[in-house]
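A closer look at the structure
Each chain, written out:
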Amino acid sequence: MAIKDDNMGTATQAAFQQAQQAQQNRQAQDQQPQSWGFFSKGNLGGISRNPTSEVLLKAMNVLQTTYKEKVTIERPYEAVVLPVDNSKEARLTLSGIVVCVRIPDNKNLGVSYHTLLLEGSSEPLQPRVLNWNNQTVVEDRTAADVNNATYAEAVHGIVQRAFPGMVCRPTSAQVVHRKFNFEDEEAVRNLAINAVFPCISDLEVNFPNFRDINLVRWNRDSSLQLQINFNEPDRLDYASLPVRNNIAITLTAVDNSKPQQGALENNQGKSMKISQLGGFIDLIWAPEGQTNQYGVQQKGPRYLYSPRFVMTNLENVMRMTPASQLLALQTAMVLRETATSWYPYCDPRPQVAGARGVDTRNIGALNIEANVFEDPSGYGEKIDTKLATFTSFEQGKLLSATIRPVMYFSLDVSECGSDTWYNEVFSAAAAGSVAAQAAILEAANELTGGHFMNIYKSNESPVTVNDDRIHLGYYSGADGARHDIRDIDYLAVLNLLGETDHDAARAWSDTFAQTAYPLSKRLQERKKMIIEMVRGDVIFTGFARRVTLTYKFLEALDMGCREAGLVTRTTSPSFGNEYTNSRAIMSFLPQGAVAPGVSGVFQSGFGPAPTNNMGANRGYSSRWG
């Protein structure tokens, strides 16, 4: 009951009533359930004892300084950095930074923005515990999972408030991993540039007079040099994470214009990198018989494999539209020009620095399952490929006796990684997006000046639709350096476990192919195997979707580029004559196998002799026809 005293002054009575109302409000709040998220707003004076709260402030300061002093953004573009503070937004798990780019004098183009999610701004996410078939399944959750509709809505609101009345367009997002070193100036600079590029690219695409790359109308004033290197070390991505890069393919334009008589030849021979592509060869178990070249009578079918070139890096460094990315993708087709084009990848390596100091790419382990000498046990011994007697010819015999002469092409696209913004159209297509599938087909047609669709004549998906999810992360190698955990592939399993556990390769393959099991279960088992094989420090940073392109699409793209005038002359050492004289299977096998064959884009030439009989780095040069 309220108390009224006629002797109280007006001000005193008002204060008394306010105090009563405040007490009633507190009592009402006490009756309401509270969320633990309430405490994210309870920092005294804006200061928290939790070190994760300092990550946002440090990252903001470093990036602002970098854009001001170390990254030159040419006019007319302007970059603005905005904070996303999870201490002020209880519904957000991670803090972040939004990099916005606009053209101040052209407000009609709006603002393009790219989001950096700071993994270190929160404690690690706890996994989900599921039940499947009365089994406990642990499903890992990563920082990329935070990049959901709720986060996107919050970020969009922040950008709209900063640029009222302007169209604001998101250009993907990227996780900055927990161990990222903000004291490393080069690492910060790469991060900053990679956050600006998607924004500038988006603005350029929205220019009224924008024209994407079209091979038909491209000026033939340059030659294209296609350099292929085998046995390359890991590279660092734009988030400073190691990426497997055993095969590196670089496309470079070299000016070949002739100067006028008497003019200086300053520009003649000037080169410019167009694209870079990297990856490795993985093996797919494929149940198909093959003739034994060792002269041993074969009693029945045995395990055989198909090669798959897994692209871990696909980047057109000049422009990153889908059409430009497809030009970079086309360069990978040189690996299928002949059945032995990729064999140098298997050359013995003098030094091994990977998992446990074991040569995980030793092809001698193929014989464990292939059993080319028909050991009565059903399994063969690992062939010693380090012997001087194991020549290129012997290497070719082993590979051609165990691996089918086709090639699959797949692309790993990170979930919210540094490569996501320029390759996510492929992962979206693999996830079943009809719009993304159509965008890739349209880009292929644009690149080839309409020739692609004359050959393809379909709206079929250019990629297989699946949920092929891959662990990302790194481990400490025998050399103490960080290595991409994708070093652990089928051949690595044979080398690390195959001699003592004949079922290991089957178990590994089933984590990809046994789709009767839920994906979370298969990923859990695969993670266990990775940890077992590495036997050291393993850091899992996230996931990627492995996208496999269809044979029909790749053939039409290759032929379309040829019809559009792209002719590549390859010059390399000739190694062909030296190399030659019920388990589940991958669902994409019928769709993705690209047989060897001369497309007309790549024309064979001659090159320097190899430095040894096993081969070395192969160089290829290309030119516009």
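In case you missed it, the structure is sitting above this.
1. Things to note about the packing of helix H9 (residues 434–447) against helix H14 (residues 551–563)
For the pair H9 and H14, the least separation of the axes is 9 Å and the interaxial angle reads 20°. For the element pair H9 / H14, the angle class is roughly parallel. Together, Ile440, Leu441, Ala444 and Leu447 of H9 and Phe553, Leu557 and Cys561 of H14 make up the contact between the two elements. Tallied by class, the residues present in the contact of H9 with H14 amount to 7 nonpolar, no polar and no charged.

2. Overview of empty space enclosed by the protein
Within this model, the largest cavity holds a volume of roughly 370 Å³. Mapped onto the lining of the largest cavity, the elements with two or more residues apiece are strand S9 (242–243), strand S12 (304–316), strand S13 (408–414), strand S14 (469–476) and strand S16 (538–548).

3. A look at the pattern of salt bridges
One pass over the structure, following the stated rule, counts 27 salt bridges. Linking arginine 546 and aspartate 282 is a salt bridge whose minimum nitrogen-to-oxygen distance equals 3.9 Å. You can see arginine 546 sitting in strand S16 and its partner aspartate 282 sitting in strand S11 (residues 271–286), a full 264 residues away along the chain. In this pair, the class of arginine 546 matches that of aspartate 282, namely buried. Of the charged contacts, one joins aspartate 468 and arginine 308 as a salt bridge, the two residues approaching to 3.9 Å between their closest N and O atoms. Taken together, the positions of aspartate 468 in the loop between helix H10 (451–456) and S14 and arginine 308 in strand S12 put the pair 160 residues apart, joining distant regions of the chain. Judged by its relative accessible area of 2%, arginine 308 falls in the buried class. One network of salt bridges, in which partners are shared, links Asp282, Asp412, Asp484, Arg486 and Arg546.

4. Comments concerning unusual backbone geometry
Cis geometry marks the peptide bond from arginine 75 to proline 76, where omega comes out at 15°. Following the sequence through the fold, proline 76 ends up in the loop between helix H2 (53–69) and strand S1 (78–84). Phi is positive for cysteine 416, which is not a glycine, with a value near 65°. Summarising the element assignment, cysteine 416 is placed in the loop between S13 and helix H8 (420–430).

5. Some points on the nonpolar core
Of all hydrophobic cores here, the largest spans 89 residues; its most connected members are Phe309 and Phe553. Ala59, Val99, Val188 and Cys199 belong to the second-largest nonpolar core, a separate cluster that totals 29 residues.

6. With respect to the sheet that holds strand S3 (residues 111–118)
In space, the 4 strands of this open sheet follow the order S1-S2-S3-S6, with mixed pairing throughout. Since the sheet does not close on itself, it has two edges, and those belong to S1 and strand S6 (168–176), each with one partner. Looking at each pair of strands side by side, their axes are set apart by 20° on average, direction ignored. Where S1 meets strand S2 (residues 96–102), 7 bridges bridge the pair, whose relative direction is antiparallel.

7. Here's the deal with the sheet that holds S11
In sheet architecture, strand pairing relies on hydrogen bonds along the backbone and comes in two forms, parallel and antiparallel. Spatially, the 8 strands line up as an open sheet ordered S7-S10-S11-S12-S13-S16-S14-S15, and their pairing is mixed. At either margin of the open sheet sits one strand with a lone partner, and together these are strand S7 (222–229) and strand S15 (482–484). Shown here is a sheet whose adjacent strand axes are inclined to one another by a mean of 30°, direction ignored. One ladder, built from 4 bridges, connects S12 with S13; its direction is parallel. Each bridged residue has a counterpart across the sheet, and for valine 310 the counterpart in S13 is serine 410.

8. Description of the environment of serine 509
Note that serine 509 resides in helix H12 (residues 504–513). Considered as a pair, serine 509 and tyrosine 490 are 19 residues apart in the sequence and their alpha carbons are 7.4 Å apart.

9. Observations regarding helix H4 (residues 185–205)
Counted at 1.5 Å a residue, the expected span for H4 with its 21 residues is 30 Å, and the 30 Å between its end C-alpha atoms agrees. Backbone nitrogen of glutamate 186 and a side-chain oxygen of the N-cap are separated by 3.1 Å at the start of H4; the cap is aspartate 184.

10. Digging into the state of the cysteines
Here the structure, examined in full by the defined rule, presents 0 disulfides. Between cysteine 100, a cysteine without a disulfide, and cysteine 199, which holds the nearest cysteine sulfur, the sulfur-to-sulfur distance is 7.2 Å. Owing to a relative accessible area of 1%, cysteine 100 belongs among the buried residues under this scheme.

Procedures and definitions
Residues numbered from 1 in each chain as written. Predicted model: local features only at pLDDT ≥ 70, side-chain atom pairs only at ≥ 80, totals over all residues. Heavy atoms only, no water. Axes fitted to C-alpha atoms, helices over the stretch in contact; angles between N-to-C directions. Helix = DSSP H or I, 4+ residues; strand = E, 2+ residues; numbered from the N terminus. Parallel < 35°, antiparallel > 145°, perpendicular 65-115°, else oblique. Contact = heavy atoms within 4.5 Å. Nonpolar A, V, L, I, M, F, W, Y, C, P; charged D, E, K, R; others polar. 1 Å grid on protein atoms, 1.4 Å probe; cavity = no way out; pocket = protein on both sides within 12 Å on 5 of 7 lines; lining within 4 Å. Points joined across faces, edges and corners; volume = space filled by probe spheres on them. Salt bridge = Lys/Arg side-chain N within 4 Å of Asp/Glu carboxyl O. Buried < 20%, exposed > 50% of the residue type's maximum accessible area, 1.4 Å probe, protein only. Core = buried A, V, L, I, M, F, W, Y, C linked by side-chain atoms within 4.5 Å. Pairing = 2+ DSSP bridges. Expected span 1.5 Å × (residues − 1). Polar contact = N/O pair within 3.5 Å; in protein donor to acceptor, adjacent residues only side chain to side chain. Disulfide = S-S within 2.5 Å.

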